[in-house]
Amino acid sequence: MFTRKFDRRVYVAVGVFLFSGAVAASFGPYVLWPSNREAGYAPEQPIPFSHAVHAGTLKIDCMYCHTGAETGAQATVPPLSTCMNCHEEVQPVDSRGELKPGIVTLLDHWESRRPLLWNKVSDLADFAYFDHSRHISAGISCQECHGPVEKMDRVRREWGMKMSWCLNCHMQTPPPDSAAAVRGDAMRAPIHCTTCHR
Ligand code: HEC
Ligand code: HEC
Ligand code: HEC
Ligand code: HEC
Ligand code: HEC
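All figures in this text were calculated on a predicted structure; none of them were measured in a lab. (Residues numbered from 1 in each chain as written. Chains lettered and ligands numbered in written order. Predicted model: local features only at pLDDT ≥ 70, side-chain atom pairs only at ≥ 80, totals over all residues. Heavy atoms only, no water.)

A. Region of the structure containing the site of ligand 2. Neighbouring residues of ligand 2: 21 residues in total, closest His51, Cys62, Cys65, His66 and Ser122. Note that a nitrogen atom of ligand 2 is positioned 2.8 Å from one of the side-chain N or O atoms of His51. Breaking the shell around ligand 2 down by element, the ones donating at least two residues are α2 (51–57), α3 (62–65) and α7 (142–146). In terms of residue count, α7 provides more of the shell around ligand 2 than any other element does, three residues in total. Among the residues forming the shell around ligand 2, the class breakdown is 12 nonpolar, seven polar and two charged. (Near = heavy atom within 4 Å. Polar contact = N/O pair within 3.5 Å; in protein donor to acceptor, adjacent residues only side chain to side chain. Helix = DSSP H or I, 4+ residues; strand = E, 2+ residues; numbered from the N terminus. Nonpolar A, V, L, I, M, F, W, Y, C, P; charged D, E, K, R; others polar.)

B. Fine view of a positive patch on the surface. Judged by side-chain charge, Arg4, Lys5, Arg8 and Arg9 come together as a positively charged surface patch. Along the chain, the position of Lys5 falls in helix α1 (residues 4–32). (Patch = residues over 30% accessible without salt bridge, like charges linked within 9 Å, V, L, I, M, F, W, Y side chains within 5 Å. Areas by Shrake-Rupley, 256 points an atom, 1.4 Å probe, with all protein chains shown as cover. Salt bridge = Lys/Arg side-chain N within 4 Å of Asp/Glu carboxyl O. Lys, Arg positive; Asp, Glu negative; His and termini not counted. Charge placed at Lys NZ, Arg CZ, Asp CG, Glu CD.)

C. Quick look at the coordination of the iron atom of ligand 1. The iron atom of ligand 1 binds to the protein through His54 (NE2) and His87 (NE2); the donor distances cover 1.9 to 2.0 Å. Metal-centred angles of 86 to 179° between the six donor atoms at the iron atom of ligand 1 mark the site as octahedral. Highlighted residues: His54 in helix α2 and His87 in helix α4 (residues 80–87), separated in sequence by 33 residues. Judged by relative accessible area, which is 13%, His87 ranks as buried. (Donors = N, O, S within 2.8 Å, 3.2 Å for Na, K, Ca; no water. Tetrahedral: all angles 85-135°; square planar, octahedral: opposite > 155°, others 65-115°. Buried < 20%, exposed > 50% of the residue type's maximum accessible area, 1.4 Å probe, protein only.)

Rendered as structure tokens:
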């Protein structure tokens with residue numbers, strides 16, 4: 001019904017349309033939504049739990065809540081029972097004498113045995129292998145990787161946790177007293193691909 005030339009134009013137009021659709025579908029989300037792999041990401045949490053209050057003012061040790069960091073791959077986020085060690089007694093009220101909203105939500109979840117679903121702040125690609133305990137035993141502080149959490153009301157991502165970020169540290173000259181320096185290694189930690197991709 002149409003000329004060949006016109007048909008070809010239709011095919012090209014449809015092709016270009018489908019292609020841009022595919023590109024938009026694959027990259028759109030990265031552009032539109034802040035990624036939890038980027039620095040600065042600070043999702044809202046179900047309770048306005050403040051590290052500035054708990055780890056800063058009250059000086060509760062990070063390990064009191066993140067018990068896994070010294071012993072395993074995951075630092076772990078504490079169960080409500082850890083909060084209730086204190087909040088069974090400590091129930092702060094506002095200026096009108098009413099329980100603070102965060103405490104109301106906490107008690108509500110505790111009484112109905114529903115865990116709080118915290119939003120993950122640091123989220124590494126699942127295919128990369130990471131282990132907290134290896135870094136803690138090498139003397140690296142939480143703050144080197146997570147920033148000054150004890151000053152944050154809401155946890156914010158300090159670094160985009162890309163491969164280059166890991167490698168930038170692994171490739172540094174080891175500090176004088178570190179295990180790597182004692183072994184005579186040229187770098188702080190191994191950079192073989194299989195260290196993190198196994
Ligand atoms: C070692 C004791 C302790 C533990 C454990 C603890 N808290 Fe607290 N929390 C406190 C104290 C003390 C305050 C401050 C009370 C005040 O400001 O008068 C507080 C304050 C709060 C507030 C109110 C902050 C505000 O001013 O609005 C919330 C919400 C809260 N905690 C949630 C939690 C959650 C959730 C957990 C568990 C992940 C937890 N707390 C674990 C002692 C603790
Ligand atoms: C009283 C318990 C408590 C203490 C003490 C505490 N944390 Fe947390 N931490 C939590 C809870 C609950 C969450 C999850 C909610 C949030 O992100 O605020 C969390 C989240 C985090 C996260 C983000 C986790 C993620 O999703 O990627 C980091 C990083 C972190 N804490 C580091 C620290 C460091 C460093 C310290 C010590 C300076 C510390 N925390 C002390 C309870 C605690
Ligand atoms: C060498 C860098 C590094 C150090 C040091 C480090 N973290 Fe992490 N942390 C990470 C990475 C990377 C993730 C994301 C892991 C994932 O998504 O599998 C993470 C995730 C977390 C989480 C979320 C829960 C989890 O385990 O995935 C918490 C909580 C946390 N870290 C707390 C801490 C605390 C507390 C310390 C100090 C005792 C600490 N981190 C030291 C890099 C580090
Ligand atoms: C601030 C510095 C620093 C950062 C950032 C860092 N690392 Fe490390 N990493 C080290 C040090 C130091 C060691 C310990 C070397 C040792 O035990 O002698 C280590 C050890 C490791 C090991 C164990 C190596 C072995 O001996 O098998 C793995 C796996 C690893 N890191 C993965 C990662 C990944 C993945 C990231 C990024 C998400 C990362 N690291 C970010 C400093 C860092
Ligand atoms: C110290 C840890 C570490 C080492 C060593 C490492 N990688 Fe990675 N790699 C990562 C992490 C973490 C990611 C995930 C980055 C992200 O989420 O963007 C990654 C991602 C990748 C990707 C996916 C593309 C990308 O950039 O996201 C490829 C391909 C890759 N690595 C190849 C390698 C090769 C090849 C080597 C050896 C020359 C190597 N890696 C060594 C930690 C490491």
